[in-house]
Amino acid sequence: MPVLSTREELRSVLADSQTPAISIFVPTHRAGQEIRQDPIRLKNLVKEAEDQLIKEGTRPAEARTLLDPVAGLVEDAAFWRHQDNGLALFRSPDIFRTYRLPFSVQAFVAVSDRFYIKPLLPLLMNDARFYVLALSQKAVRLLECTRDRAEPVELPDVPQGIGEALPEGPEPQLQRHSLPIGRQEHTFIHGHGVGTDDVDVVNVRRYFQRVEDSVHQRLKDERAPLILACVEYMAPIYKEVSRYRQILEPTVAGNPDGLQNEELQLKARPIADAHFQQARAKAVAEYHEGIAKGRASHRLDEVLTAACQGRIATLFVPLGVQRWGRFDFNRLALEQHDEEQPGDDELLDLATAQTLRHDGTVYGVKPEDVPGGQLLAAVYRY
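Before going into details, it helps to say that this report is about the structure given with it.

What counts, and at which threshold
Residues numbered from 1 in each chain as written. Predicted model: local features only at pLDDT ≥ 70, side-chain atom pairs only at ≥ 80, totals over all residues. Heavy atoms only, no water. 1 Å grid on protein atoms, 1.4 Å probe; cavity = no way out; pocket = protein on both sides within 12 Å on 5 of 7 lines; lining within 4 Å. Points joined across faces, edges and corners; volume = space filled by probe spheres on them. Helix = DSSP H or I, 4+ residues; strand = E, 2+ residues; numbered from the N terminus. Buried < 20%, exposed > 50% of the residue type's maximum accessible area, 1.4 Å probe, protein only. Contact = heavy atoms within 4.5 Å. Phe/Tyr/Trp six-rings, centres within 6.5 Å; stacked < 30°, edge-to-face > 60°. Lys NZ or Arg CZ within 6 Å of the ring centre and 35° of its normal.

## Section: the layout of surface pockets
Part 1: There is about 590 Å³ of room inside the largest pocket.
Part 2: Taken together, 21 residues make up the lining of the largest pocket; nearest its centre are H275, Q278, A279, K282 and Y363.
Part 3: Within the residue set of the lining of the largest pocket, elements represented by two or more residues are helix 9 (261–293) and strand 17 (361–365).
Part 4: With nine residues, the single largest contributor to the lining of the largest pocket is helix 9.

## Notes on helix 10 (residues 300–308)
Part 1: A large share of helix 10 lies buried, amounting to seven of its nine residues.
Part 2: Three or more residues of helix 10 are buried, namely L300, V303, L304, T305, A306, A307 and C308.
Part 3: Against the buried residues of helix 10 lie strand 12 (296–297), strand 13 (312–318), strand 14 (324–328), strand 15 (333–337), helix 11 (347–357) and strand 18 (377–380).
Part 4: Of the residues one or two after helix 10, G310 is the one with positive phi, at around 75°.

## Considerations on the packing of aromatic side chains
Part 1: If you walk through the whole model with that rule in mind, you get ten aromatic pairs.
Part 2: Judged by centre distance (6.3 Å) and plane angle (65°), the rings of F90 and Y99 are edge-to-face. Of the two residues examined, F90 and Y99, each falls in the buried class.
Part 3: Relative to F329, the ring of F327 has its centre 5.8 Å away and its plane inclined at 80°; by these criteria the two rings are edge-to-face.
Part 4: Each residue in the set F25, F90, Y99, F108, F115 and Y116 is aromatic and connected to the rest through ring pairs, giving one cluster.
Part 5: The positively charged end of R311 is found above the aromatic ring belonging to Y380, 5.0 Å away from the centroid.

Next comes the structure, spelled out in structure tokens:
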């Protein structure tokens with residue numbers, strides 16, 4: 001069972017939505033007595049989904065048939081043996097997907113004409129994930145990280161070390177080369193290939209070009225920041241050959257070969273946190289400036305209209321909060337209800353889905369962290 005971890009996977013969930021689209025979120029556990037309660041929670045949520053389907057007009061027998069694959073997991077001991085902190089299940093007439101989530105979620109069921117995605121924002125958006133690329137003359141590792149863990153990422157055809165990248169051997173040469181390290185210029189003289197004590201910039205660059213080809217194939221559709229872990233002189237060489245635009249300036253300095261994945265993640269996390277805080281603070285400032293200039297809004301009807309038109313650059317939505325109603329895409333008209341009614345949509349999730357479909361950035365935040373103390377906040381592209 002995969003971990004949902006990329007924007008492309010999220011887009012595929014959105015694209016695969018059919019009617020009826022059933023989304024079920026289950027808090028799960030990796031250890032302890034609570035593990036025994038997880039299947040019971042799913043059983044109760046399946047019953048809730050069945051009730052919602054029938055309420056929406058689906059015949060009871062059809063509702064049960066549609067939910068059979070989900071209900072079958074309740075008694076699947078092997079399925080529950082490999083869980084994480086949360087579970088997302090998506091079911092429609094032709095689709096059944098399950099994803100482990102490395103964070104807890106509220107128990108929740110949604111039945112609509114599309115899958116419900118707002119609970120996934122803590123994992124998928126730009127303020128939650130980052131990559132660490134560990135480089136040395138002997139090895140290459142790419143890690144996909146959250147604030148809590150590090151998962152190795154397979155890099156097909158990546159050379160493991162400069163010797164594998166340059167099987168014909170390094171180009172012998174004698175040259176003087178200066179690289180900025182910190183605030184000083186360090187000059188290296190080298191002339192017998194690449195070793196641990198001499199710095200052959202040309203050959204290291206050739207090695208990194210091979211590494212970059214593999215990294216580019218894996219990250220070409222990504223936006224998450226990338227942090228380099230390497231000795232200092234290697235960082236500017238790799239940045240020179242890389243096509244990835246989200247490489248952060250600070251690095252985890254030193255040879256990474258002796259560090260475990262979790263150690264690299266812990267060393268990189270403060271760098272990532274500082275980046276995320278700066279990006280979020282900038283988005284908040286843009287919202288307040290935009291309100292004054294008519295390029296932002298906190299009104300739900302205006303935000304939904306802008307989201308459907310692809311005009312939202314950044315959206316702040318509160319996690320754990322729902323607003324029910326209907327939005328007419330053709331007339332751009334909003335109807336809100338105090339409680340969920342048959343045929344209703346969760347309007348905050350609708351704004352989220354439309355923003356993501358048009359390649360906007362969404363921050364899932366605590367309700368009290370929405371800028372201006374509003375229900376939601378959006379910054380427009382135009």
